[in-house]
Amino acid sequence: MTSLLQTLAVAEHLNFRHAAKALSVSQLSVSARVKILR
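Here the structure is a predicted model, which means the values were calculated and not measured. (Residues numbered from 1 in each chain as written. Predicted model: local features only at pLDDT ≥ 70, side-chain atom pairs only at ≥ 80, totals over all residues. Heavy atoms only, no water.)

With respect to the packing of helix H1 (residues 2-13) against helix H3 (residues 27-37)
Test applied: Axis lines are fitted to C-alpha atoms, over the contacting stretch for helices. Their N-to-C directions set the angle, which ranges from 0 to 180 degrees. The secondary structure listing takes helices from DSSP runs of H or I that are at least 4 residues long and strands from runs of E that are at least 2 residues long, numbered from the N terminus. Angle categories: roughly parallel below 35 degrees, roughly antiparallel above 145, roughly perpendicular from 65 to 115, and oblique for all the rest. Here a residue-residue contact requires only that any non-hydrogen atoms of the pair lie within 4.5 Å. Under this grouping Gly is polar, as are all residues other than the nonpolar Ala, Val, Leu, Ile, Met, Phe, Trp, Tyr, Cys and Pro and the charged Asp, Glu, Lys and Arg.
One way to put it is that H1 packs onto H3 with a least axis distance of 8 Å and a crossing angle of 110°. Here H3 runs roughly perpendicular to H1, going by the angle between their axes. In this structure, H1 uses Thr-2, Ser-3, Leu-4, Gln-6, Thr-7 and Val-10 to contact H3, whose residues at the interface are Ser-29, Val-30, Arg-33, Val-34, Ile-36 and Leu-37. Here the contact of H1 with H3 is composed, by residue class, of six nonpolar, five polar and one charged.

A closer look at the environment of Ser-24
Formally: Here the term buried applies to any residue with accessible area under 20% of the maximum for its type, exposed to any over 50%, and partly exposed to those in between, with areas from a 1.4 Å probe on protein chains only.
Structurally, the position occupied by Ser-24 is in the loop between helix H2 (16-23) and H3. Residue class for Ser-24 comes out exposed when judged on its relative accessible area of 68%. Note: C-alpha distance between Ser-24 and Ser-3 (21 residues apart in sequence) is 14 Å.

What about the nonpolar core?
For clarity, the cut-off: Buried Ala, Val, Leu, Ile, Met, Phe, Trp, Tyr and Cys residues that are joined via side-chain atoms within 4.5 Å together make up what is termed a nonpolar core.
In terms of nonpolar packing, the biggest core is built from six residues, these being Ala-9, Val-10, Ala-19, Ala-20, Val-30 and Val-34. Put simply, the parts of the chain that give this core at least two residues each are H1, H2 and H3. Setting aside its immediate chain neighbours within four residues, Ala-20 contacts Val-25, Ser-26, Gln-27 and Val-30.

And the structure:
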């Protein structure tokens with residue numbers, strides 16, 4: 001579920017860094033979870 005939420009945040013912000021900041025997590029965490037869904 002977290003992977004999906006983080007992926008949606010990236011889609012909304014069109015930027016991994018901005019999505020990570022909005023979710024209060026690291027950019028590495030966001031990119032790793034998005035990669036899982038690929």
